[in-house]
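# An overview of the molecular structure
The residues making up each chain are set out below.
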Amino acid sequence: MRISLNWLRELVEIKLNPEELAETLTMAGFEVEEIEDRCTWANGVVVGKVLERQPHPNADKLSVCQVDIGADETLNIVCGAANVKADIYVPVATTGTYLPNIDLKIKPAKLRGVASQGMICSLKELGLPTDVDGIHIFTQENLPLGSDVRPLLGLDDVILDLTATANRADALSMVGVAREVAALTGGKLSIPEPGEISIAKNAGNLALKIADTQACPAYIGTVIEQVKIAPSPEWLQQRLRSAGVRPISNVVDITNYVLLEWGQPLHAFDLSRLQSVAGSENLTIGVRFATAGESLKTLDGQTRTLSTQNLLITANDRPVALAGVMGGQETEVHEGTQSLVLEAALFDSVAIRRSSRSAGLRSEASGRYERGVNRAELEIANRRALCLISELASGILIHQEIADTRPHPSTWSRSIALRLDRVNQILGPIELGEDTGELQEQDVERILTALGCQLTPSADVPEQDTTHQRTWSVSVPPYRYRDLEREIDLIEEIARLYGYNKFCDTLPEKAEAGYLPLDEELIRKLRAFLRAEGLTELIHYSLVKPGEDRKIVLSNPLFVEYSALRTDLISGLIDAFQYNLEQGNGALNGFEIGQIFWREEDGLQETEALAGIVGGDISVGKWSKSGREEPITWFEAKGILESVFRQLSLQIEFQPDRQDDRLHPGRTASLWIRGNRLGIFGQLHPQLRREKGLPDSVYVFQLDLDVLLDSLEQDEMLVPTFQPYSTYPASDRDIAFFAPVKISVVEIQKVISKAGKDLLESVELFDEYRGENVPQGQRSLAFRLVYRASDRTLTEAEVEPVHNKVREALVEKFGVNLRS
């Protein structure tokens, strides 16, 4: 909001210069973005009188004027304005004057051969908005020649461009800012008291019909007749211009003036036009929400199609204004207006915000209603406007109707308990010269009293009792009802007005180095290992289509496609794989870490999971195979996981699994770690692959991240122990046999390791064969066993008994048919 210091000085005593006042307001939470010193705009511009005007001898559109500025000699000035004439008072920029708004310094010059000793100015050249195309002509008579024009044009002023926080609706008015300045500086307030108004008791033809009293708690409609529309007096125009508002006419300017002064939006309707729209002299002003499809042409000239969120002012149920936002063009005040209906109303902030957003229209009025207009000063603002209309537009008040459903005035304030010890506990110590101290009772009372609060000491603590901390019951003024609701709000006000810079600032004695939580560090390592295996990290929405019984469905979804929470990550990865293929991006190798959700009998469940999908060629490149891609095998895909687990030093066991019908029943394994189920890995089911149009070799996995992290957080994983290595050579032995297909290699490896645990260092499968010369239902397996001792070189006599023990264990456990 733009604050004129000349106007502000009429409302509050100001002891500070503009820079000091701006600093004080900024430190109190009202940021002053700019200080506009208008005194520099017309420094050196004086009042002059045009004595004579002659056409320029060498130019049709120029005039040669003799101008008296009260000096010994008249000035010869060449002027290009069409409205210049003799016997008028004008602003004259003398030689040497600098006009910053047009970046021009006045110098003696010759225009088409005629000397010019200055410039007659327009308002635009002095930085003021105007609709006049030409020089400015003063309407006052007998002005002292050579006097400064700045007081006449309102340029002896400084404007503060002030930004208030969203909770301070009261600061969107000159009165509200004046109260704040008084509280900050101790200046005396001089808020104008509107005079009394007299309204004829004649029965009028105006009635009110408020359909939604929650959206419109109060409405005052006043009929005013014999109005004379004319330009506003100069003082009023200057105040509007200083606030960035263009003067229009006395009635419209008065409504804008009261809006700026009290923060209360008003609107004036042309009575005869209202009656014309209503189709009757008997007028019922109504407030209701629009029906879908209604339209209204607003003051900006646009015809707007309305929705059910738009709150309307109606005349006999026909829309005439967008309530709290903008009036209608059909009923606007114009030059021929002779009678008015002045609207002063309170509207619900939520209703106006929705209406304004729905219409795509914001105004000075809607901006104030959205934040909340002071309900206690509606009548004051209305009376102020009526007094000014009577004074400046000669209006006669004929009739007034009031619809008021506000709660009783006794509820317009609230009492808040405030504790001095809580104040000091929250705000901390204050600086007292070289020492520190605490806020005292008198500090709290002085600050809150300056804000307009009334403090009543708590009755249960005697004033002479110094052993107890003081408590008060603080009564908040009605104009601060919206933002002072709790004890902490009062404490914030105390800090703000006492001065944030007066409180001690304390820093920790010693800073500590930052670190990552263990889970986050492990997850980062896991991501790095997966990326190193050639997988790209993917991110999907947690919201999916509904369908499964276990899915959690949202009660208020934005779209049907995103109305349930995902129960796993695999479905999203499959869809991503399909989408990439359809877009021509090839097969996808990726992983995702995210939350999954499901419903159980005991309630809703949530956990974090790791999932991945692999289907692309992971070899070195197409060039090595003449451009042909080779599908990845089951063991290569499984090897990606095993490589990650190996880097994490985890021993994972793979077991056959058939639970997930999306996966191939013979190529799916569940993953186990220390007896806990970790997750699942497998190839996509052929039927699903055909439905999605995917290649043969697509593999997916999903792991429970909590189980994985719990295993990684074991001490032996976090602090690995050193395993000594042998400096003596190893002894290799191969063993081959026929074994039933139903026996897994993992089971065989377990038996071998257990039998040869004394000397056996490693066991590895290096060959599998099925076909000719292999018994039905069996397969040929060949393992390489490495024996080694840490303190000696093994001899044949030491290795052979252990190796025979392994052979015997295999025969005894699985009944294998040894081939070597």
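A few points on the structure. (Residues numbered from 1 in each chain as written. Predicted model: local features only at pLDDT ≥ 70, side-chain atom pairs only at ≥ 80, totals over all residues. Heavy atoms only, no water.)

## Structural notes on the sheet that holds strand β21 (residues 326-327)
Strand order across the open sheet formed by five strands is β13-β16-β19-β20-β21, with mixed pairing between neighbours. Each edge of the open sheet is held by one strand with a lone partner, namely β13 (206-210) and β21. Pairing between strand β19 (residues 311-315) and strand β20 (residues 318-322): four bridges, direction antiparallel. Directly across from Leu312, in β20, lies its bridge partner Leu322. (Pairing = 2+ DSSP bridges. Helix = DSSP H or I, 4+ residues; strand = E, 2+ residues; numbered from the N terminus.)

## Here we look at empty space enclosed by the protein
As enumerated under the stated definition, the model contains two cavities of 30 Å³ or more in all. If you trace the largest cavity, you find it lined by Trp262, Gly263, Gln264, Val373, Asn374, Glu377 and Leu378. Split into classes, the residues belonging to the lining of the largest cavity amount to three nonpolar, three polar and one charged. Considered as a void within the structure, the second largest cavity measures approximately 30 Å³ in volume. Forming the walls of the second largest cavity are Leu526, Leu530, Leu610, Leu641, Val644, Phe645, Leu703 and Leu708. Sorting elements by how many residues they give to the lining of the second largest cavity places helix α16 (residues 634-647) first, with three residues. Classifying every residue of the lining of the second largest cavity by side-chain character gives eight nonpolar, no polar and no charged. (1 Å grid on protein atoms, 1.4 Å probe; cavity = no way out; pocket = protein on both sides within 12 Å on 5 of 7 lines; lining within 4 Å. Points joined across faces, edges and corners; volume = space filled by probe spheres on them. Nonpolar A, V, L, I, M, F, W, Y, C, P; charged D, E, K, R; others polar.)

## Observations regarding the sheet that holds strand β42 (residues 817-818)
Judged by pairing direction, the sheet is antiparallel, and its four strands sit side by side in the order β40-β41-β39-β42 without closing on themselves. Of all the strands in the sheet, just β40 (760-769) and β42 have a single pairing partner and so form its edges. Of the strand pairs in this sheet, strand β39 (residues 731-740) and strand β41 (residues 778-787) are connected by 10 bridges, and their pairing is antiparallel. The residue of β41 that forms the bridge with Pro740 is Gln778. Taken strand by strand, helix α20 (residues 745-755) contacts β39, β40 and β41, and its axis lies near 35° from that of β41. Packed on one face of the sheet, helix α21 (residues 796-814) meets β39, β41 and β42 and runs near 15° to β39. (Contact = heavy atoms within 4.5 Å. Axes fitted to C-alpha atoms, helices over the stretch in contact; angles between N-to-C directions.)

## Details of the environment of Arg770
Considering the arrangement of structural elements, one finds Arg770 in the loop between β40 and β41. By relative accessible area, which is 49% here, Arg770 ends up partly exposed. For the pair Arg770 and Ile593, spaced 177 residues apart in sequence, the C-alpha to C-alpha distance is 40 Å. Leaving out residues up to four positions away in the same chain, Arg770 has contacts with Val741 and Arg779. (Buried < 20%, exposed > 50% of the residue type's maximum accessible area, 1.4 Å probe, protein only.)

## Thoughts on the packing of aromatic side chains
Within this structure, the stated rule accounts for 10 aromatic pairs. Summarising the aromatic geometry, the rings of Phe559 and Tyr562 are spaced 6.5 Å apart at their centres and angled 75° between planes, so their arrangement reads as edge-to-face. A connected cluster of aromatic rings, assembled from ring pairs, spans Trp634, Phe635, Phe681 and Tyr699. The ring of Tyr481 carries Arg375 above its face, with NZ or CZ at 4.8 Å from the centroid. Lying over the aromatic face of Tyr498, Lys502 brings its terminal NZ or CZ to 5.4 Å of the ring centre. (Phe/Tyr/Trp six-rings, centres within 6.5 Å; stacked < 30°, edge-to-face > 60°. Lys NZ or Arg CZ within 6 Å of the ring centre and 35° of its normal.)

## So, a positive patch on the surface
A contiguous patch of positive charge on the surface is contributed by Lys754, Lys757, Lys805 and Lys813. As for its placement among the helices and strands, Lys757 is situated in the loop between α20 and β40. Lys757 sits in the exposed class, given a relative accessible area of 62%. (Patch = residues over 30% accessible without salt bridge, like charges linked within 9 Å, V, L, I, M, F, W, Y side chains within 5 Å. Areas by Shrake-Rupley, 256 points an atom, 1.4 Å probe, with all protein chains shown as cover. Salt bridge = Lys/Arg side-chain N within 4 Å of Asp/Glu carboxyl O. Lys, Arg positive; Asp, Glu negative; His and termini not counted. Charge placed at Lys NZ, Arg CZ, Asp CG, Glu CD.)

## Side note on unusual backbone geometry
Phi is mostly negative for residues that are not glycine, and the peptide bonds are mostly trans. Unusually for a residue other than glycine, Gln226 sits at a positive phi of about 60°. Mapping Gln226 onto the fold places it in the loop between β14 (218-225) and α5 (234-242). Residue Gln226 is classed as exposed on the basis of its relative accessible area, which comes to 53%. Of note in this structure, Asn773 is not a glycine but carries a positive phi near 70°. Locating Asn773 in the fold gives a position in the loop between β40 and β41. Relative accessible area serves as the criterion here: at 69%, Asn773 is assigned to the exposed category.

## Overview of the nonpolar core
Membership of the largest hydrophobic core comes to 88 residues, with the highest contact counts inside it found for Leu8, Leu160, Tyr219, Ile313 and Phe347. Excluding anything up to four places from it in sequence, Ile313 contacts Tyr219, Phe269, Ile285, Gly286, Val287, Arg318, Pro319, Val320, Ala321, Ala323, Glu343 and Phe347. If you look at the next biggest cluster of nonpolar residues, it comprises 34 residues, including Leu522, Phe529, Phe701 and Leu703. (Core = buried A, V, L, I, M, F, W, Y, C linked by side-chain atoms within 4.5 Å.)

## Brief notes about the pairing of strand β3 (residues 45-55)
The pairing of β3 with strand β6 (residues 89-94) spans five bridges and is classified as antiparallel. Of the residues in β6, the one forming a bridge with Lys49 is Tyr89. Across six bridges, the pairing between β3 and strand β4 (residues 63-68) is antiparallel. Its bridge partner lying in β4, Pro55 is registered against Ser63.

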